Amino acid sequence: MKTKTILELLTLSASLYHIAKDTHLLEKLHEISDKGKESINKVASDPLFDEDGNEMELVDKMLHKAAEVRQELETKIEEMVAAFYKKINVAHLDEIKALNEKLEKADMTIALLEARMNKVELKV
């Protein structure tokens, strides 16, 4: 595959990732705003404790909930991007590393076999 094509695919996938991330964030914010006052009151009324065992204030609860939503969103986006890469058959860095390790092991095995063959040839 040409370098230009690979770069274009990487650029496209990065752009799609950022667009999807922004879109999902806006959708999630829209969902939260649609749930309205009830869900906010529920979050505010549910006791949530920090590491010291003290109950968190409303703003801290909201920040904690936003961090949870963000983490959930990032996880879903990563899954979608991985599925997209798999669908278009672009190798991930992990796959490339695994293939390189297999290649190194195969090279070592070939070198050992060649050494054994040379030893046998010298005896004959």
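Each chain carries its own residue numbering, running from 1 in the written order of its sequence. Only residues with pLDDT of 70 or above have their local features reported here, since the model is predicted, and side-chain atom pairs are shown and tallied only from 80 upward, although totals for entire chains, interfaces and linings are computed over all residues. Where side-chain values are given, they derive from all heavy atoms of the structure, hydrogens and water being excluded.

*Asks:* Looking at this structure, how should I read the overall build of the protein?
*Replies:* Looking only at helices and strands, the protein has 3 helices and 0 strands in total. Under the scheme applied here, a residue whose accessible area is under 20% of the maximum for its type counts as buried, over 50% as exposed, and between as partly exposed, the area being computed with a 1.4 Å probe on protein chains only. Within the span of the protein, comprising 124 residues, buried residues form 9% of the whole. We call two residues in contact when some of their heavy atoms are within 4.5 Å. Within the protein, contacts between residues separated by at least 24 positions form 45% of all contacts whose residues are at least 6 apart in sequence. Carbon and sulfur atoms make up 60% of the accessible area of the protein, which totals about 10,900 Å². Helix and strand assignments follow DSSP, with helices taken as H or I runs no shorter than four residues and strands as E runs no shorter than two, numbered in order from the N terminus. All accessible-area figures derive from a Shrake-Rupley calculation using a 1.4 Å probe, and residue coverage is judged against the displayed protein chains alone.

*Asks:* Got a minute to help me understand the pattern of salt bridges in this structure?
*Replies:* Pairing between side chains of opposite charge can happen when the charged atoms of each approach one another. Salt bridges are identified by distance alone: a Lys or Arg side-chain nitrogen within 4 Å of an Asp or Glu carboxyl oxygen. Here the structure, examined in full by the defined rule, presents 3 salt bridges. A salt bridge links Glu68 to Lys65; its shortest N-O distance comes to 3.9 Å. Taken together, the residues Glu68 and Lys65, both in helix 2 (residues 58–88) and 3 residues apart, mark about one turn of the helix. A salt bridge links Glu74 to Arg70; its shortest N-O distance comes to 3.1 Å. Taken together, the residues span about one helical turn, with Glu74 and Arg70 both in helix 2 at a distance of 4 residues.

*Asks:* Where do I start with the confidence of the model for the protein in this structure?
*Replies:* Predicted coordinates in areas of low pLDDT are best not read in detail. With 82% of its residues at a pLDDT of 70 or more, the protein shows a mean pLDDT of 78. Note on scores: pLDDT gives the predictor's confidence for each residue, bounded by 0 and 100. Averaged over each element, pLDDT in the protein is lowest for helix 1 (residues 3–45) (71) and highest for helix 3 (residues 93–123) (90).

*Asks:* Help me understand the environment of Lys21 in this model?
*Replies:* With respect to the helices and strands, the residue Lys21 is situated in helix 1. Each C-alpha atom of the pair Lys21 and Glu74 lies 7.5 Å from the other, and the pair is 53 residues apart in sequence. Excluding residues within four positions of it along the chain, Lys21 makes contact with Glu74 and Ile77.

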